[in-house]
Amino acid sequence: LYGNKLIHTHLNDNLGVSGDKISPFDDLHLPIGEGINDWKTVIQKIRATGYNDVMMAELKLKNQPGHNELDRFIAMPIEEFYAFSLASLRKVCEE
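Since this is a predicted model, take the numbers as computed values, not measurements.

Q: Before we move on, could you go through the layout of surface pockets and cite the residues and values that matter?
A: Counted as a void, the largest pocket has a volume near 150 Å³. If you trace the largest pocket, you find it lined by Ile43, Ile46, Arg47, Tyr51, Asn52, Asp53, Val54, Met55 and Cys93. Counting residues per element, the lining of the largest pocket draws most heavily on helix α1 (residues 39-48), which supplies 3 residues. For the lining of the largest pocket, the residue count by class is 6 nonpolar, 1 polar and 2 charged.

In structure tokens:
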């Protein structure tokens, strides 16, 4: 990571690359913990930089073409989706 140059975070989860090459359609913006990212390691590396500021979750409520992973979140009231996403981010930060 960039150590003392880290000034902002944009966090989201994904399921990896679906074909031979990464595509914009692979960028699912799932809530933290709903994909394959190793969040324990990510958070440890961020903490090792000394960064102690905003941890922003970048989320979506629209499926990418050919994907339906967000359906259960789309069905939630928006307040419930935000609460779920915040709880998920807090959980990985506390581990």
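Q: Which residues make up the pattern of salt bridges, and what values do they have?
A: Applying the stated rule across the entire model yields 1 salt bridge. Note that Glu34 and Arg72 form a salt bridge whose closest N and O atoms lie 2.3 Å from each other. Within this pair, whereas Glu34 is found in the loop between β1 (10-11) and α1, its partner Arg72 is found in helix α2 (residues 71-74), the two being separated by 38 residues in sequence. Assessed through its relative accessible area of 27%, Glu34 is described here as partly exposed. The class for Arg72 is partly exposed, based on a relative accessible area of 46%.

Calculation notes
- Residues numbered from 1 in each chain as written.
- Predicted model: local features only at pLDDT ≥ 70, side-chain atom pairs only at ≥ 80, totals over all residues.
- Heavy atoms only, no water.
- 1 Å grid on protein atoms, 1.4 Å probe; cavity = no way out; pocket = protein on both sides within 12 Å on 5 of 7 lines; lining within 4 Å.
- Points joined across faces, edges and corners; volume = space filled by probe spheres on them.
- Helix = DSSP H or I, 4+ residues; strand = E, 2+ residues; numbered from the N terminus.
- Nonpolar A, V, L, I, M, F, W, Y, C, P; charged D, E, K, R; others polar.
- Salt bridge = Lys/Arg side-chain N within 4 Å of Asp/Glu carboxyl O.
- Buried < 20%, exposed > 50% of the residue type's maximum accessible area, 1.4 Å probe, protein only.

These figures capture arrangement, not role.
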